[in-house]
Structures are given as structure tokens and as C-alpha cells.
Amino acid sequence: MKKQMKLWITAGVTLFALLAVVVVVLVKRYAPSNERVNLAKYFALDSKSDVAIVLEDERLDKSDNAMLADGHVYVRYDVLHDAIDGRYYWDESESKLLYTTPQDTFWVESGTDNYYKGRKKVAGEFGEIVKLHGNEIWVNFSYVALNSNLQYHFYKKPNRLVVFNETKKIEQVETTKDTEIRLRGGVKSPILSDVMSGTKLTVLKKYDNWYQVSSKDGFQGFVKSSKVSDSKKTTRKIKMKWEYNHCMKDDRIEMAWHQVTSVFANTQIANVLAKTKGLTVVSPTWFYLVDNKGGIGSLASADYVTYCHAHDIEVWGLVSNLVAKGVDTGKVLEKTTYRENLVSALIAKAIEYKLDGINVDIESLKPEFGDAYIQFIRELSLKCHANDLILSVDNYVPSAYTSFYNRSEQARYADYIITMAYDEHYAGSDAGSVSSLGYVKEATTNVLKEVPADQAIIALPFYTRLWELTPKKGSKSKYTTSSQAIGMTQADNLASVNGVTPTWDASLGQDFVEYEQNGKKYQIWFENAKSLEEKLKVVTKNNVAGVSFWKLGFENEAAWNMVIKYSN
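Residues numbered from 1 in each chain as written. Predicted model: local features only at pLDDT ≥ 70, side-chain atom pairs only at ≥ 80, totals over all residues. Heavy atoms only, no water.

1. Regarding the sheet that holds strand β32 (residues 503-505)
Then comes step 1: Here five strands make up an open sheet; going across it, the order is β31-β30-β34-β33-β32 and the pairing antiparallel. Each edge of the open sheet is held by one strand with a lone partner, namely β31 (479-487) and β32. For this sheet, the mean angle separating the axes of adjacent strands, direction not counted, is 25 degrees.
Then comes step 2: Strands in contact with helix α12 (residues 488-497) are β30 (463-471), β31, β33 (510-517) and β34 (520-525); relative to β31, the strand with the most contacts, it is inclined by about 125 degrees. (Pairing = 2+ DSSP bridges. Helix = DSSP H or I, 4+ residues; strand = E, 2+ residues; numbered from the N terminus. Axes fitted to C-alpha atoms, helices over the stretch in contact; angles between N-to-C directions. Contact = heavy atoms within 4.5 Å.)

2. Looking at helix α13 (residues 529-541)
Then comes step 1: Compared with the 18 Å implied by 1.5 Å per residue over 13 residues, the 18 Å span of α13 between its first and last C-alpha is a close match.
Then comes step 2: Along α13, the positions that sit buried rather than exposed are Ala 529, Ser 531, Leu 532, Glu 533, Lys 535, Leu 536, Val 538 and Val 539.
Then comes step 3: The inward-facing, buried residues of α13 contact α11 (437-447), β29 (456-461), β32, β33, β35 (546-550) and α14 (557-565).
Then comes step 4: Two or three places before Lys 530, at the start of α13, stands the capping residue Asn 528, its side-chain oxygen 3.2 Å from that residue's backbone nitrogen. (Expected span 1.5 Å × (residues − 1). Buried < 20%, exposed > 50% of the residue type's maximum accessible area, 1.4 Å probe, protein only. Polar contact = N/O pair within 3.5 Å; in protein donor to acceptor, adjacent residues only side chain to side chain.)

3. Side note on the sheet that holds strand β8 (residues 115-117)
Then comes step 1: Here we have five strands laid out as an open sheet, ordered β5-β6-β7-β8-β9, and antiparallel in their pairing. A single partner strand is all that each edge strand has here, and the edge strands are β5 (88-91) and β9 (120-122). Put simply, the sheet's adjacent strands are angled 25 degrees from each other on average, direction ignored.
Then comes step 2: Running at roughly 145 degrees to β5, helix α3 (residues 77-84) makes contact with β5 and β6 (96-100) of the sheet.
Then comes step 3: This element, helix α9 (residues 370-386), spans β5, β6 and β7 (105-109) of the sheet and lies at about 55 degrees to β6.

4. Topic: the pairing of β6
Then comes step 1: The buried count for β6 comes to five of five residues, which makes it a mostly enclosed element.
Then comes step 2: Burial along β6 is two-sided: the residues Lys 96, Leu 98 and Thr 100 and Leu 97 and Tyr 99 are all buried.
Then comes step 3: Pairing of β5 with β6, which is carried by four bridges, proceeds in the antiparallel orientation. In the strand pairing of β6, Tyr 88 is matched with Tyr 99.

5. Structural notes on the packing of helix α8 (residues 336-352) against α9
Then comes step 1: The geometry of α8 relative to α9 is characterised by a closest axis approach of 10 Å and an angle of 35 degrees between their N-to-C directions. The handedness of the crossing between α8 and α9 is right-handed. Residue-level contacts link Arg 339, Leu 342, Val 343, Ser 344, Leu 346 and Ile 347 of α8 to Ala 372, Gln 375, Phe 376, Glu 379, Leu 380, Lys 383 and Cys 384 of α9.
Then comes step 2: A class-by-class count of the residues in the contact of α8 with α9 yields eight nonpolar, two polar and three charged. (Left-handed = near helix turned anticlockwise from the far one by under 90°. Nonpolar A, V, L, I, M, F, W, Y, C, P; charged D, E, K, R; others polar.)

6. Structural notes on unusual backbone geometry
Then comes step 1: Residue Pro 158 follows Lys 157 across a cis peptide bond; omega there is 0 degrees.
Then comes step 2: Tracing the sequence through the fold places Pro 158 in the loop between β12 (151-155) and β13 (160-164).
Then comes step 3: Put simply, Trp 550 and Lys 551 share a cis peptide bond, and its omega is -5 degrees.
Then comes step 4: Inspection of the secondary structure puts Lys 551 in the loop between β35 and α14.

7. Considerations on the nonpolar core
Then comes step 1: Within the largest apolar cluster, 99 residues are counted, with the highest numbers of intra-cluster contacts made by Trp 286, Ile 358, Val 360, Tyr 373 and Leu 380.
Then comes step 2: If sequence neighbours within four positions are ignored, Tyr 373 has contacts with Leu 333, Val 360, Ile 362, Leu 365, Val 393, Asp 394, Tyr 405 and Gln 410.
Then comes step 3: One finds Val 75, Leu 80, Ile 84 and Val 163 within the second-largest nonpolar core, a separate group that totals 31 residues. (Core = buried A, V, L, I, M, F, W, Y, C linked by side-chain atoms within 4.5 Å.)

8. Details of the side chain of Gln 523
Then comes step 1: Summarising the element assignment, Gln 523 is placed in strand β34.
Then comes step 2: A residue is classified by how much of its surface remains accessible, and Gln 523, at 10% relative accessible area, is buried.
Then comes step 3: A polar side-chain atom of Gln 523 sits 2.6 Å from a polar atom in the side chain of Glu 514.
Then comes step 4: Excluding anything up to four places from it in sequence, Gln 523 contacts Ala 431, Arg 465, Leu 466, Trp 467, Leu 469, Phe 512, Val 513 and Glu 514.

9. Describing the packing of aromatic side chains
Two measures describe an aromatic ring pair: the distance that separates the ring centres and the angle between the ring planes.
Then comes step 1: Inspection of every chain in the model, using the stated rule, returns 27 aromatic pairs.
Then comes step 2: Here the aromatic rings of Tyr 42 and Phe 219 are separated by 6.4 Å at their centres, their planes lie at 20 degrees, and the arrangement is stacked. Of the two residues, Tyr 42 sits in helix α2 (residues 39-42) while Phe 219 sits in the loop between β18 (210-214) and β19 (220-224), which places them 177 residues apart along the sequence. For the residue pair Tyr 42 and Phe 219, the accessibility class agrees, reading buried in each case.
Then comes step 3: Just above the ring of Trp 107 sits the side chain of Lys 96; from NZ or CZ to the centre is 4.4 Å.
Then comes step 4: Lying over the aromatic face of Phe 554, Lys 551 brings its terminal NZ or CZ to 4.9 Å of the ring centre. (Phe/Tyr/Trp six-rings, centres within 6.5 Å; stacked < 30°, edge-to-face > 60°. Lys NZ or Arg CZ within 6 Å of the ring centre and 35° of its normal.)

10. With respect to the side chain of Gln 410
Then comes step 1: Structurally, Gln 410 can be placed in helix α10 (residues 407-413).
Then comes step 2: A polar contact of 2.7 Å, which involves the side chain of Gln 410, links it to the backbone oxygen of Tyr 405.
Then comes step 3: Dropping the residues within four chain positions of it, Gln 410 is found in contact with Tyr 373, Ile 374, Val 393, Asn 395, Tyr 405 and Ile 417.

Don't take any of this as a statement about function, it's just geometry.
Listed below in C-alpha cells is the structure:
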């Protein structure tokens, strides 16, 4: 009996031990881990001065970390400009940081606590604003927050700067009980952060039992779906600090450029305007860069303006970089002093000649000067609006290689953004249409992705090109191509003289002729009232602010009749 009892006891102890082992195994396998993430490593912090940046629910790379110095958080200029607010402009030659609002340009020199609002000096309230460390520029983030449209908070232990700078739609959940955000989905994953019941989290991605989330204090990880409410769509709003106002016309703009290459040409304005119908704005090519310090040449005429005003036509003087050779436009735009020279010279001329507006036509700019160009537009807009002048800016059709002109930013400051929907084929290119219907449609559609319709002007051609194709020696199918710009009447005359009748190409929305003379082939894609009507239909359908035409003198009467037809 005692022996049996002993066996039962032994068996019981063994069973209990086995059960204990099973329990331990199960606990180890299924019980939530209490291990915690090393947050300094998680945020890639190497020192006490390191500050991680979490921008719009995403942690920036370690190489983009901010810096804690003298009790203030500093961000590198390139990170500030490229990721947080591209409106900051660093003038390297003058060691000056600028930020232009719709009312003023704020600027500060490196190594000082003070900044300027326009010409007014403001006593320091942030500590040193811009620090230079070797080739690196560091900006005090408290100063950044003065003007930038953003929300931010600096958290300690560990150091992290959490920034939101976009108004956007998000999906959100609320924790229904105290829980944790874990590094990965699964209870065995280490804990990133404890969250209390009622905490709102942004949903980044949903899985079966886990949600990938972001917290307002900068953690991105996973929370169990059973611990949160059903997700709801909402909008995370960033309050705009500045209101952008524009000088806009009530009626649709019917504009044309007048190419003026001499003072004498101004005396012909009466003859030029006599041929037009429905024109509301003329833009003479009067002003041009003459040196690398912002100086301008001028062909302006007070009598010209007086005549236009007497006939209810506004004058928007054009400034270009296309006249004087040897001028480095980039050098003018990138240096603050030279930009100010240019802006002041333009405004002075506009006031002197009682202009209604300024039209900017800066072409063939190198991409590296894109920021300087936009800063020029910002600064010019302030002076224009202070003097009741309309600012319009000419642009190529949208494309990847012209994106640095930044049309959306132009539209915040300038009043009208003009898209030159021509030069589809140009001097030096293969033969083809100057402005096919598809080209105009695509240009209009793409520009309206960046520019509000009530600020968009679509520019159309009054000209076409006569293409001359000369056979290459020894070849019947290869040609050397050259061309010249011609007006509507000249194109008609060439077809008539050479005995050819234009045929309509519906795919291009244009008439076309081809003929041979002296062993050469000639081609013309016509711009006339018929092709113009197809383009004007596109403009009207998209309800843009207006149209412009290059250039006066190339059109015929039928073209103006078509402009009138679509002007209302």
C-alpha cells in the first residue's frame, strides 16, 4: 500500500512538473513581452545634442537629425528647405536667410539674435537664429515656427522634434483601454511606448489583428486592433498663418504681346491696335537685363501708355533676359542685393510710365537657380501689390525639366501665371506643328494641376513656321531641317503662290501643306482662325482667366473675329 502511495506521489509530482513546464512554455510563447525598445537607438541618437525629426508620421534619416544647442533646437538648412518649408532662401554670398510672406520679407544674418521684418529690426527672442558650422547652416526652429505653416513639439527623453506641415486626410483610431505601441506586430515584439485609454492614433496600415500606427509624440509602431475603436476618416488641419491676396480682373483677359525692338516701334501702336478686336491687355517687350547686378535697359514710352489707356487697354510692361548678351541671369537672381536692384528698377519704371502691370519672361534658366528665381517672384510681388500693379509670369508648358520654375509657388505670389502653349516644334527641332491641339490640351490640363483656373492664362500662337527640308547628299529620305517664323497671311500666300491647297488634319486641329521647290521640300502647319477656334474651345471649356497671343502683327482679321467669338 505504501509502495503504491509512493508511486502515485511520484507520478503526481512528475505530472505537476510536466504541467509546469507546459505552462512556462505557453507563457513564454503567448504572454506579452515586457521588453522595451532602446529609444536612443530607435531614434538614432548618438549624443545628448542629437535630435530626431519626425515629419508627417515618418522619421527622417539619421543624417537629417536636428541639433540641441544652447537650449534651442536647430535644423540644418537643407533639411528645412527640402523637407519642411521650401520657402526659406539662403543667400550664400551675403550669408543671409530670407523668408517672404504675402506682406513682408523676413531676413536674418548668421550669428545674430535679431532679425528684420522688411526694414524694421526686431529684437531677438529666440537666441542665435542662424549658426554656421563649417559648410553647414543651422536654423533655430523657434524662428522657423514664426512664419512657417506648421505644428510642432519638442519632446525630451529621448530628444525628438515632431512636425506636421500638411493639411491632409488621415485615418484615426482611439484606444479603448490602456495599451502599448510595439515595435512590430505581435505580443512578443518589444514595447515602444505606453498609451492610455482615449489616446488618438493615426492609422498607417491595417493588418488582421494589428494596426500600424503613429502617435502624436513621434512613435511609429503597432497596436492590437482589439484595443482600439473602429477607424474613422478625418482631416488633420494646419492653420495657415498668411492669406494670399491677388490683384485680379473681373473680366476675362484678352492679352497680346507687342514685340518692341526700338523706340520708333512705339510710335506704331495706333496702327497695331487698329487691327485688333477685343484686346484688353497689351504687353510690350520694353525692359531687359543689361548687366549682372540687376540693371535694366528700357524702351518704354509714356505716349504709348497714354494711347492704350485712352482706348481702355492696360499695359503690362515685359521684362526679359533675352536681349543683352553676356548677362548671367542666375548671378542676378541668386544675390539679394542684385535682386533688389532689379525689383526696384522695374517698380520705378512702372511708376514712371504709369503701367498697369509687369510681365516677367525669364527663359532658359538653369535648374540650380530655380530657388533664386522663385524668391525674385516673391519679392517682386510684394512691391507690385504695394503699388497696385498686376504681376504676371510667363512659363513653358509643364514638364519634368521645367518643374524647378515651381508654378504652384508662383501662383501664391503672382497674380497670373501664363503658359506659353507653343514652340512644340521650334527653330532647331525636327519639322512639326508649333502648337497642335493635343499639345494645348495637355498643357492646359497639366498647368491646372498646379495653378488655380482663375489665375491661369493660356498663351496661343499667331505665328507658324515654314519648314525647309534639304535632302542630305546621297540620301532620298534624310534631310537637313531649318525653319523661320511666319505670320498667318504669309502662310496663306505661300500656299497660294505654290499652287497647293491646305488639308485639315483633325488629329492636330490644323491645316497642313507640303510642296517642293528647287529640290527642297517645304511644310507648313497652319495657325489660322480655324485652328485658333479649336484651341479657344479648350481655353473656354477649362474656364481659365484668359488668353494671350504671341505676337501682334502675325495675325489676320479672321483671327480677331474668332477671338471676339470666344471672349465672353
